[in-house]
Amino acid sequence: MNLRSRNNSIGFVPTMGALHKGHVHLIERARSNNTVILSIFVNPKQFAPGEDYNRYPRYIEKDKVIATDSGVDILFLPSTDEIYPEGYKTFVNVEGITDLLCGRFRPGHFKGVATVVLKLFNIVMPHRAYFGEKDYQQMLVIKSMVRDLNLDIEIFGIPIVRDDDGLAMSSRNVYLGREERVSATSLNRALKVSREMVKSGEMNAQKIISEMERIIKKGDGIEIDYISLCNPETLEDIKIVDTRVLVAMAVRIGGKRLIDNCIVEVK
Ligand code: AMP
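Values in this document were obtained by computation on a predicted structure and should not be read as measured data.

Describing the domain arrangement of the chain
And then number 1: The assigned domain composition of the chain is domain 1 (4-158) and domain 2 (171-264).
And then number 2: Inter-centroid distance (C-alpha atoms) of domain 1 to domain 2 is 25 Å.
And then number 3: Between domain 1 and domain 2, the residue contacts involve 22 residues of the former and 19 residues of the latter.
And then number 4: Each partner contributes to the roughly 1,800 Å² buried at the junction of domain 1 and domain 2, and carbon and sulfur atoms together form 59% of this total.
And then number 5: Between the two partners, domain 1 and domain 2, sit one salt bridge.
And then number 6: Ionic pairing is found between Asp52 and Arg172, a salt bridge with its closest N-O pair at 2.7 Å.
And then number 7: Connecting domain 1 to domain 2 are eight residue pairs in polar contact (both at pLDDT 80 or more).

Put into C-alpha cells, the structure is as follows:
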C-alpha cells in the first residue's frame, strides 16, 4: 500500500507504548487532518546500560485496543532486529542542545532518539509528525534534525496532558508507589510557583530555582537531577528572567526519573 501516492496526508505519532491519555491526545491531534500511523518501539539505543530498558512497561495487547479506539489507522510495531539489524553502525548526533538539561545526565540518550526517529521517518514517510512538549528537549532535538537534514516533515508540538493531581502523564508513572506518586505532584506545584513568582515580578532565576527545590525536597527520597530556567530555543541557562523562559526539571523519586516543564511568558 502506498498512502503517499494516494494523496493522503500521513500523520505520524512515534511512541514507546504503554499508551496513556498523553499519547491519545497526540493521536487525536494527528487524526484531525491525516491518516494516522502510530509506532510502538522501545528503542534500546536511547537507554544507557543500567537504565530501565528491560523493565520498561510493555502492554502491547492493551495498546492495540487504545490505538484502535482512538482512531489510529495503521499501527507499526517493528522488531528490534528490523530497526537495528546485525552490523548496524549509523547514528544521528544533534550537537549542542543534546549536551544540556537531560543530556548532562543521560549521555548518548538523544543520539539514540534522533537515530530511531530518523529511521522511523524514513520508513513511515509522514508529512507531519507529532511530539509531546512533555519531552520538550526531545521535541527540540527532532526539530533541529528535521531542519538541519532538510527533511520534508512538519513537526507539531503538543501540550502536556496531566492527571487530575497535576502529575504529567508518563508511561513510567506505573513505577511509582502510592507515597511516591503523592511526592511526584510536587513537580507541577513547583512549576506553578515558578510561574507565579515570574508573574509577580521576580527576575532572579536562582531565587526561583531555590524555591522550587524547597517545594520538591519536602517529599521523602527525592533527588533533583536539575531544575533549569533556560532559553526555550537554545536551552542555555538564563540568570535574569526578562523574556520568555522554559522552566524544566528532572527529578528522581525512589530512583525513578520524572521530567516536567512549562513555558513562562514575561509580560
Ligand atoms: P513515549 O512513549 O514516552 O516515548 O512518548 C511518545 C510521545 O508521547 C512523545 O512525543 C512524548 O512527548 C509524548 N507524550 C508522553 N507523555 C505525554 C504527556 N503527558 N502529554 C503530552 N505528550 C506526551
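Regarding the packing of aromatic side chains
And then number 1: According to the stated counting rule, one finds nine aromatic pairs in the structure shown.
And then number 2: A centroid spacing of 6.2 Å and a plane angle of 70° characterise the contact between Phe12 and Phe121, whose relative ring orientation is edge-to-face. Placement of Phe12 in strand E1 (residues 10-15) and of Phe121 in helix H5 (residues 109-124) is noted, with a sequence separation of 109 residues between them. The exposure classification of Phe12 matches that of Phe121, with both residues buried.
And then number 3: Ring geometry for Tyr88 against Phe91: centres 5.7 Å apart, planes inclined by 90°, an arrangement best described as edge-to-face.
And then number 4: These aromatic residues form a ring-pair network of at least three members: Phe41, Tyr84, Tyr88 and Phe91.
And then number 5: In this structure, Arg58 is placed above the aromatic ring of Tyr53, and the distance from its NZ or CZ to the ring centre is 4.9 Å.
And then number 6: A cation over a ring is seen here: Lys111 above Phe91, with NZ or CZ 5.1 Å from the ring centre.

Some remarks on the pairing of strand E7 (residues 245-253)
And then number 1: Among the nine residues that make up E7, eight are buried, leaving the element largely enclosed by the rest of the structure.
And then number 2: Relative to E7, strand E6 (residues 222-230) is paired through eight bridges, and the arrangement is antiparallel. Following the sheet pairing, Ile224 is matched in E7 by Val251.
And then number 3: Note that E7 and strand E8 (residues 256-264) share nine bridges and pair antiparallel. Within E8, the position partnered with Arg252 by the bridge is Arg257.
And then number 4: If you look at the hairpin formed by E7 and E8, you'll find two residues sitting between the two strands, and Gly254 has a positive phi there, around 55°.

Describing the sheet that holds strand E2 (residues 35-40)
And then number 1: Across the sheet, which stays open at both edges, the five strands sit in the order E3-E2-E1-E4-E5 with parallel pairing between neighbours. Each edge of the open sheet carries a strand with a single partner, namely strand E3 (74-76) and strand E5 (154-158). Averaged over all adjacent pairs, the angle separating strand axes in this sheet is 25°, with direction ignored.
And then number 2: Packing of helix H1 (residues 21-31) onto the sheet brings it into contact with E1, E2, strand E4 (128-132) and E5, and relative to E4 it is tilted by some 155°.
And then number 3: Strand contacts of helix H6 (residues 136-148): E4 and E5, with the helix running at about 155° to E4, the strand carrying the most contacts.

Focus on the site of the ligand
And then number 1: Lining the immediate environment of the ligand, one finds 18 residues, of which Met16, His23, Asp135, Val161 and Met169 sit closest.
And then number 2: Within the side chain of His23, one N or O atom sits 2.9 Å away from an oxygen atom of the ligand.
And then number 3: One nitrogen or oxygen atom from the side chain of Asp135 is found 2.6 Å from an oxygen atom belonging to the ligand.
And then number 4: Burial of the ligand by the protein amounts to 93% of the accessible area it has alone, namely 480 Å².

Parameters at a glance
- Residues numbered from 1 in each chain as written.
- Predicted model: local features only at pLDDT ≥ 70, side-chain atom pairs only at ≥ 80, totals over all residues.
- Heavy atoms only, no water.
- Domains from an automatic or database assignment.
- Contact = heavy atoms within 4.5 Å.
- Buried area = accessible area lost by both parts, 1.4 Å probe.
- Salt bridge = Lys/Arg side-chain N within 4 Å of Asp/Glu carboxyl O.
- Polar contact = N/O pair within 3.5 Å; in protein donor to acceptor, adjacent residues only side chain to side chain.
- Phe/Tyr/Trp six-rings, centres within 6.5 Å; stacked < 30°, edge-to-face > 60°.
- Helix = DSSP H or I, 4+ residues; strand = E, 2+ residues; numbered from the N terminus.
- Buried < 20%, exposed > 50% of the residue type's maximum accessible area, 1.4 Å probe, protein only.
- Lys NZ or Arg CZ within 6 Å of the ring centre and 35° of its normal.
- Pairing = 2+ DSSP bridges.
- Axes fitted to C-alpha atoms, helices over the stretch in contact; angles between N-to-C directions.
- Near = heavy atom within 4 Å.
- Areas by Shrake-Rupley, 256 points an atom, 1.4 Å probe, with all protein chains shown as cover.

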